[in-house]
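# Residue-level structural notes
Here's the letter readout for the chains.
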Amino acid sequence: MSQDKVTRQTFDEIMVPNYAPSQFIPVKGEGSRVWDQEGKDYIDFAGGIAVNSLGHAHPALVEALTEQAKKLWHVSNTFTNEPILKLAQQLIESTFAERVFFCNSGAEANEAALKLARKYARDHFGPEKNEIISFTNSFHGRTLFTVSVGGQPKYSEDFAPLPGGIHHATYNDLASVRALISERTCAVIVEPVQGEGGVLPADPGFLEGLRMLCDKNKALLIFDEVQTGVGRTGELYAYMHHNVTPDILSTAKALGGGFPIGGILTTSNIAASLVPGTHGTTYGGNPLAGAVAGKLLEIVNTEEVLEGVKKRHHLFVEGLNAINHRYNVFTQIRGAGLLIGCVLNDTFKDKAKAFTTAAEKEQLMVLVAGPNVVRFAPSLVITEEEIAEGLARFERAVASVANS
Ligand SMILES: *Cc1c(COP(=O)(O)O)cnc(C)c1O
């Protein structure tokens, strides 16, 4: 086996087979364009699954990362560091948060949020208040706790026995929550737009209703904004579209623009339950992540970028509607900002993967969200030219699926 040339075939030979990556290997990116080993270019409508919020190799992020890399990479949480404290200040100034905790991924952020909710309930009400309500089809990460809380049994059932005290209600159905919530409930966790579950936005009033039910039952309301956060929906966080403030908010994905970082935002009162020794992580809140996310937030949390997301949303929806008009493949184009899902009609039922495969042939990167939804989660600053070129490629991909 040669070590100097790796190919897509190498993946099949030596990697654990839990992923099924596309047939090309990206080697370079700039903005919303990516090049593979052969020098072929791709338009990136996938954004690393809603992560590359400023595209690839954004000069300001490259500078933030390399400047920090020359100074200090890691000290652990035995010491704090300047970049992460500055990032925490930025988040507190821009959101409901009074306190922030950092980790390295979305699953870890939710793990922290859920552990905090249980600890807070135990501290204030006793150990019987430990039940968690989540939703069918929700996704909260791949740790054992977060797959158990997630509402897709196919991700958890093979790993039983699972953590207990978890119930699943139906998304956008307050009656189903009313039937499960009680004084034993410590938290309700919800995505403002279900991402992996099919890009399904909360109905008007649903999140407000959850807030009321949580207040009545002294349960914490956790918003999983791992996918919807950091400008994705056209506000800094999706809760800002609604008349609702969560008690704990988890954030990750777009926060680092490609550098791993996650975190939770919460109030001082709730945060007080995580005293020294109760929770932690070695890498969480490291200076490199802090420097990159700080710069990213400075750029994204501006009128220009957030308004730009709304404008780009319309360009996508218009373009996708036009394609649908010609090929009749979708029943609905839904989502918020630059998290957009195209729901396939009955003719193409369970065929979402065929669209991403066809897109790859047309040199376009797109995502699925379950078997029936084609998902777009591009850079928040993707150019109009890149959108137009990507949609033209998508139209060819749709044509090839529709005519096959
Ligand atoms: C991606 C995602 C997660 C998990 O994040 P990881 O960084 O993959 O651990 C959790 N919740 C939601 C809503 C997500 O979209």
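What you see as residue numbers is a count from 1 along each chain, following the sequence as written. Local features in this predicted model are restricted to residues of pLDDT 70 or higher, and side-chain atom pairs are both shown and tallied only at a pLDDT of 80 or more, whereas totals for entire chains, interfaces and linings draw on every residue. Neither water nor hydrogens contribute to the side-chain values; these are computed over all heavy atoms in the structure.

Just so we agree on the cut-off: UniProt positions are given in the numbering used here, feature names are shortened, and annotations may be inferred rather than shown by experiment.
Within an unreviewed UniProt entry, the label attached to the protein reads Acetylornithine aminotransferase, and the organism entered is Leeia speluncae. Within the UniProt record for the protein, the comment given under Subunit (unreviewed entry) is "Homodimer." On record in UniProt, under Catalytic activity (unreviewed entry), the comment for the protein is "N(2)-acetyl-L-ornithine + 2-oxoglutarate = N-acetyl-L-glutamate 5-semialdehyde + L-glutamate".

## Observations concerning the packing of helix α11 (residues 303-327) against helix α13 (residues 384-402)
How we decide: Note on definitions: angles span 0 to 180 degrees between N-to-C directions of axes, and those axes are lines fitted to C-alpha atoms, for helices only across the stretch in contact. Counting from the N terminus, the helices are the DSSP runs of H or I reaching at least four residues and the strands are the DSSP runs of E reaching at least two. Angular relationships are summarised with four words: roughly parallel below 35 degrees, roughly antiparallel beyond 145, roughly perpendicular across 65 to 115, and oblique for the angles in between. In this scheme the crossing of two helices becomes right-handed for a clockwise turn of the near helix relative to the far one and left-handed for an anticlockwise turn of less than a right angle. Should any heavy atoms of two residues lie within 4.5 Å, those residues are counted as being in contact.
One can describe the packing of α11 onto α13 by two numbers: an axis separation of 10 Å at closest approach and a directional angle of 25°. In terms of axis orientation, α11 runs roughly parallel to α13. Classified by chirality, the crossing of α13 by α11 is right-handed. Here K311, R312, L315, F316, G319, L320, I323, R326 and Y327 of α11 lie close against α13, whose contacting residues are E384, I387, L391, F394, E395, V398, A399 and A402.

## Points about the domain arrangement of the protein
Formally: The source of the domain bounds is an automatic or database domain assignment. By convention, the term buried area covers the 1.4 Å-probe accessible surface removed from two parts as they join, with the contributions of both added. By convention in these notes, a salt bridge is any Lys or Arg side-chain nitrogen within 4 Å of a carboxyl oxygen on Asp or Glu. Nitrogen and oxygen atoms within 3.5 Å of one another constitute a polar contact, given that in protein one can donate a hydrogen and the other can accept it, and given that sequence-neighbouring residues count only through two side-chain atoms.
Domains assigned within the protein are domain 1 (8-58 + 303-402) and domain 2 (72-300). Its C-alpha centre places domain 1 at a distance of 27 Å from the equivalent point of domain 2. Between domain 1 and domain 2 the total buried area reaches about 2100 Å² when both faces are included, carbon and sulfur atoms providing 63% of it. Measuring nitrogen to oxygen at the nearest pair gives 3.7 Å for the salt bridge that ties E235 to K310. Counting every contact that joins domain 1 to domain 2 gives nine residue pairs in polar contact (both at pLDDT 80 or more). Of all elements in the fold, only α2 (47-50), α11, β13 (330-336), β14 (339-344) and β17 (373-376) reach the threshold of two or more residues within the side of domain 1 that touches domain 2. Ranked by residues supplied to the side of domain 1 that touches domain 2, first place goes to α11 with four residues.

## Regarding the site of the ligand
Cut-off, in case you're wondering: Definition of nearness: a residue and a molecule or strand are near each other if at least one heavy atom of the residue lies within 4 Å of the molecule or strand. The method behind every accessible area is Shrake-Rupley, applied with a 1.4 Å probe, and residues are considered shielded solely by the protein chains displayed.
Around the ligand sit S105, G106, A107, N110, F139, H140, G141, E191, D224, V226, Q227 and K253, and those are all the residues in its vicinity. Between the ligand and the protein, one listed contact pairs an oxygen atom with a backbone N or O atom of A107 at 2.7 Å. In the model, an oxygen atom of the ligand is placed 2.7 Å from a nitrogen or oxygen of the Q227 side chain. Isolated, the ligand exposes 380 Å² of accessible area, and the fraction of that covered by the protein chains is 82%.

## Structural notes on unusual backbone geometry
Note on backbone geometry: most residues besides glycine have negative phi, and most peptide bonds are trans. In plain terms, the rule: Relative accessible area decides the class of each residue, using a 1.4 Å probe on protein chains only: under 20% of the type maximum gives buried, over 50% gives exposed, and in between gives partly exposed.
Note that the residue after A160, namely P161, is joined by a cis bond; omega there is 0°. Examined against the element boundaries, P161 turns out to sit in the loop between α6 (144-149) and β6 (166-169). The backbone phi angle of S76 is positive, close to 75°, even though this residue is not glycine. What makes S76 partly exposed here is its relative accessible area of 21%. Within the chain, N137 stands out as a residue other than glycine whose phi angle is a positive 70°. Its location among the elements puts N137 in the loop between β5 (131-135) and α6. By relative accessible area, which is 38% here, N137 ends up partly exposed.

## Describing the UniProt feature "modified residue: N6-(pyridoxal phosphate)lysine" (unreviewed entry) in the protein
If you check UniProt for "modified residue: N6-(pyridoxal phosphate)lysine" (unreviewed entry), the listed places come out as K253 in our numbering. The residue K253 is located in the loop between β11 (248-251) and β12 (262-266) in this model. Setting aside its immediate chain neighbours within four residues, K253 contacts I49, A50, V51, E196, V226, Q227 and I261.

## Considering the pattern of salt bridges
Evaluated as defined, the whole model comprises 17 salt bridges. A salt bridge links E395 to R326; its shortest N-O distance comes to 2.8 Å. Here the residue E395 occupies a position in helix α13, and R326 occupies one in helix α11, the gap between them amounting to 69 residues. Through salt bridges with shared partners, a single ionic network connects R33, D41, E385, E389 and R393.

## Structural notes on the sheet that holds strand β4 (residues 99-103)
Basically, it comes down to this: Strands are treated as partners if at least two bridges between them are detected by DSSP.
Read from one edge of the open sheet, seven strands run β4-β12-β11-β10-β7-β5-β6, paired in mixed fashion. Lying at the two open borders of the sheet, with one neighbouring strand each, are β4 and β6. Across this sheet, the average inter-strand angle for adjacent strands is 20°, counted without regard to direction. Packing of helix α4 (residues 82-94) onto the sheet brings it into contact with β4 and β12, and relative to β4 it is tilted by some 130°. Contacts from helix α8 (residues 206-216) reach β5, β7 (185-190) and β10 (220-224) within the one sheet, and its direction differs from that of β10 by about 150°.

## Here we look at the packing of helix α3 (residues 59-69) against helix α10 (residues 287-300)
Direction vectors running N to C along α3 and α10 enclose 155°, while the axes themselves pass 9 Å from each other. In terms of orientation, α3 lies roughly antiparallel with respect to α10. Once α3 is placed against α10, the crossing between them reads as right-handed. Along the contact surface, α3 presents A60, L61, A64, L65, Q68 and A69, while α10 presents P287, L288, A291, V292, K295, L296 and I299.

## With respect to the sheet that holds β13
Within the open sheet, the four strands sit side by side as β13-β14-β17-β16. Their pairing is antiparallel. Either end of the sheet is taken by a strand with one partner, and the two such strands are β13 and β16 (367-368). Pairing between β14 and β17: four bridges, direction antiparallel. Across the sheet, residue I340 finds its bridge partner in β17, namely F376.

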